[in-house]
Amino acid sequence: MSGAVRAGRGVVLPVGEVELTGGLLGDWQRRNREATVPHAIAELRKAGNLENLRRLADPTVGAYRGRYPFLDTDLYKTLEGLAYEIGRDDAPAGAREFFDEVVGLLEQAQADDGYLNSFFQDPEQPKQPWSDLGWGHELYNLGHLIQAAVAANRRLGDRRLLTIAGRFADLVVRKFGTDGEEVVDGHPEVEMALVELYRETGTADYLTQAQLFVDRRGQGKLKHTIFPAEYFQDNAPFRELPSVTGHAVRMAYLAAGAADVSLETGDPTLLAALERLWDDMVATKLYLTGGLGSRHSDEAIGDRYELPSERAYTETCAAIATMQWAWRMFLATGKASYLDVYETVLYNAYAVGLSADGTAFFYDNPLQRRPDHEQRSGAESGGEPLRRSWFGCPCCPPNIVRWMSELQDHVAAQQGDTLYVGVYADARITTETLAVSVRTDYPWDGEVTITVDSAPEEEQAIALRIPAWCTGAEIVTSPADGAVTVGEGDWAGEPVDGAVANDGWALVRRRFVAGDTVRLTLPMAPRAHGSHPYLDATRGALAVARGPLVYCVEQQDVEAPVDDLLLKPAAVAGATAHRRPVVDGVPDALVLELTAGVAPTPPHELYPVITAQETQTAISEVPATFVPYFLWGNRQALAMRVWLRAAN
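Just so you know, these numbers come straight off a predicted model, no measurement behind them.

**So, helix α1 (residues 23-47)**
No. 1: When the terminal C-alpha atoms of α1 are compared, their 34 Å separation across 25 residues agrees well with the 36 Å that a helix rising 1.5 Å per residue should span.
No. 2: If you look at α1, its biggest bend is around 45 degrees, right at Asn32.
No. 3: One or two positions beyond α1, positive phi appears at Gly48, with a value near 95 degrees.

Spelled out as structure tokens, the structure:
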């Protein structure tokens, strides 16, 4: 979520100042409006989320529906997305009516003291409010309510939710503030929401409360049940955590909230801890797709280098949380490397969570599907073999709805007289001084053209992110004036001949006039990735990527069993790329055609005796089509692999 908020070394562009106008991200937003939003509204009605609120005023409605105390958040996340969509010209049918209906129910359900949670307010619920902070999710609920409220106020000028959220937040400040009980919630999320509420209202108590929640964690303030302290990131004070740990969504939400606190307070110790934790995560615990979380049993991150492919959990909510953390770290430091990770997550670990038609979801996102596997998401038996229309714990679908509606908020930022374009998409970007249009077919193509629509008489600068995967990037300005510079850590630089420094930014500074263009070319050669030798699950294997996209091979697209395929880096480098339909009824995608080897028939023994050094030598070759990972699972439920054995 963005607003005209100063944060760190950048300034997030004001709401409404970036608009996606086409391309893949624009297509995703259109699909969100036309398919995912109506689907989510229908599923929420069917699941009984509205009745859970309605019965607080009318007990004849029936019993509380659902197993979990946080089901109100599915409404809040959807409302947050709807605030964006209703504010657009082509709002989804029924969106306004649903929004108003839910807001009305919330106004009726809120207690006199500001408390709001349909589970704990249920007269048949034996648990009392605030009696189970470890698992009650009451502050987590408040966090999502606040985020929906801020979105509605900014996008629609509608203060109703902000009034509701403010009353609940004021209760929390009274109860758990500086002079209150020293507690924390079992599921972080409220921290970044409270900072956002402070930004929206100017009430300093909300920022103080967020800071208290961050600082109290790891101080023995939380009663642990079922899982140990590490699961809740409560095993050590945040600044002393040795590594990202525990439940992946909780960890990334906590880090995003801590980053917000650091942005507003300028606390260098908090930022240093965040940088250390981030670097360790990227170096040892993040999947190639940007997914976070390797364990199904506790939805947890796991040990360093514990990154199995077929059992990768990488919950969709964790992908969104990682992007939230990444964006805030970019704002705090100005480093392009955080946006590199953001982009990887966006196009892979996040995008794969939604079906091509926008009406079915993955909860977990593995990097491999074995031929005899029946994919069951959300820890539930039965149901569809791949993506599901909804879940008993449906945290991911409405999270996708809200994040998809907010993609434009994470395209660009401004600092002083410099516009930073960090994510490439067809867009119109308008600052107080500079307006530009971006045209690109990214991520299918690396050509990005920025046209100046209006500019002041004074010099301005446009900074372009050069992704870490790219070599040989070129920048051409028109009219040409040679004013291409390379950014350093302080976002300044020395003139060069179009070369790009390792820090990931290229800067063009001049007196722009309407019609000027800056064209960036990012070569997108297919590339083969290996993995760290400590990463046992993919030792001796290769994965295929092009630009920001990770690719996979599905059994539909190769004649030999995918488990028998062998890859050579040279075969990947020589792959041909072309656009064609992958899934019926959706826009074409860019696929990679290459030649893969086929391994000999493996021995029948599970653990054969090895008497000599074996080699992975192909006995034949077959053509194979690799498709973007985010599109897998939209056809037959067959085998899939991201990582394939490397051939000698």
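There is more to say, and it comes next.
**Some points on the packing of aromatic side chains**
Each pair of aromatic rings is reported with the distance of its centres and the angle of its planes.
No. 1: The full count for this structure, using the stated rule, is 29 aromatic pairs.
No. 2: For the ring pair Tyr231 and Phe232, a centre distance of 4.8 Å and an interplane angle of 80 degrees mean the geometry is edge-to-face.
No. 3: Each residue in the set Trp28, Tyr347, Tyr424, Tyr442, Trp444 and Phe630 is aromatic and connected to the rest through ring pairs, giving one cluster.

**Details of the nonpolar core**
No. 1: Judged by nonpolar contacts, the single largest core of 220 residues is most densely connected at Leu161 and Phe238.
No. 2: Among the elements that line this core, the one with the most residues is helix α11 (residues 316-333), at 13 residues.
No. 3: The contact partners of Leu161, leaving out residues within four places of it in the chain, are Leu79, Phe99, Val103, Leu106, Leu145, Ala148, Ala149 and Ala152.

**A look at the side chain of Arg527**
No. 1: Looking at the element boundaries, Arg527 is found in strand β15 (residues 527-529).
No. 2: Of the buried charged residues, Arg527 lacks a salt bridge, with Glu343 as the closest side chain of opposite charge at 7.6 Å.
No. 3: Looking at Arg527, its side chain comes within polar contact range of the side chain of His529, at 2.9 Å.
No. 4: Among the polar contacts listed, one links the side chain of Arg527 to the backbone oxygen of Gly547, at a separation of 2.7 Å.
No. 5: If we ignore the near neighbours within four places in the chain, the residues touching Arg527 are Trp469, Ala543, Val544, Ala545, Arg546, Gly547 and Val572.

**Observations regarding the sheet that holds strand β8 (residues 435-440)**
No. 1: Read across the open sheet, the 6 strands follow the order β3-β7-β8-β9-β14-β11; overall the sheet is antiparallel. Each of the sheet's edge strands pairs with one partner strand only, and the pair in question is β3 (18-20) and β11 (474-478). Neighbour-to-neighbour, the strand axes of the sheet open up by a mean angle of 15 degrees, direction not taken into account.
No. 2: Sheet topology places strand β9 (residues 447-454) next to strand β14 (residues 517-521); 5 bridges connect them, and they run antiparallel.

**Some thoughts on the side chain of Asp280**
No. 1: Position of Asp280 relative to the elements: it lies in helix α10 (residues 268-284).
No. 2: Those residues within four positions of Asp280 in sequence are excluded, and the remaining contacts are Pro242, Ser243, Val244, Lys285 and Arg304.

**Quick word on the pairing of β11**
No. 1: Of the two faces of β11, only one is covered, namely that formed by Ile475 and Thr477; the face formed by Glu474, Val476 and Ser478 stays uncovered.
No. 2: In this structure, β11 lies alongside β14, joined through 5 bridges in antiparallel fashion. From the neighbouring strand, Thr477 faces β14, where its bridge partner is Val518.

**Some points on unusual backbone geometry**
No. 1: A cis geometry characterises the amide bond from Tyr442 onward to Pro443, with omega recorded as 5 degrees.
No. 2: Looking at the element boundaries, Pro443 is found in the loop between β8 and β9.
No. 3: For the peptide bond that leads from Ser478 to Pro479, omega is -5 degrees, which places it in the cis range.
No. 4: Along the chain, Pro479 falls in the loop between β11 and β12 (484-486).
No. 5: Positive phi, normally seen in glycine, also occurs at His137, with a value near 60 degrees.
No. 6: Among the structural elements, His137 can be located in the loop between α4 (95-109) and α5 (138-156).
No. 7: For His137, a relative accessible area of 7% corresponds to the buried category.
No. 8: The backbone of Ile226 sits at a positive phi, close to 70 degrees, despite the residue not being glycine.
No. 9: Tracing the backbone shows Ile226 in the loop between α8 (204-216) and α9 (248-265).
No. 10: Look at Ile226 and you get exposed, because its relative accessible area is 70%.

Quick notes on the rules
Residues numbered from 1 in each chain as written. Predicted model: local features only at pLDDT ≥ 70, side-chain atom pairs only at ≥ 80, totals over all residues. Heavy atoms only, no water. Helix = DSSP H or I, 4+ residues; strand = E, 2+ residues; numbered from the N terminus. Expected span 1.5 Å × (residues − 1). Bend = angle between axes of the 7 residues up to and from the residue. Phe/Tyr/Trp six-rings, centres within 6.5 Å; stacked < 30°, edge-to-face > 60°. Core = buried A, V, L, I, M, F, W, Y, C linked by side-chain atoms within 4.5 Å. Buried < 20%, exposed > 50% of the residue type's maximum accessible area, 1.4 Å probe, protein only. Contact = heavy atoms within 4.5 Å. Lys, Arg positive; Asp, Glu negative; His and termini not counted. Salt bridge = Lys/Arg side-chain N within 4 Å of Asp/Glu carboxyl O. Polar contact = N/O pair within 3.5 Å; in protein donor to acceptor, adjacent residues only side chain to side chain. Pairing = 2+ DSSP bridges. Axes fitted to C-alpha atoms, helices over the stretch in contact; angles between N-to-C directions.

These results come straight from atomic positions and should not be treated as a statement about function.
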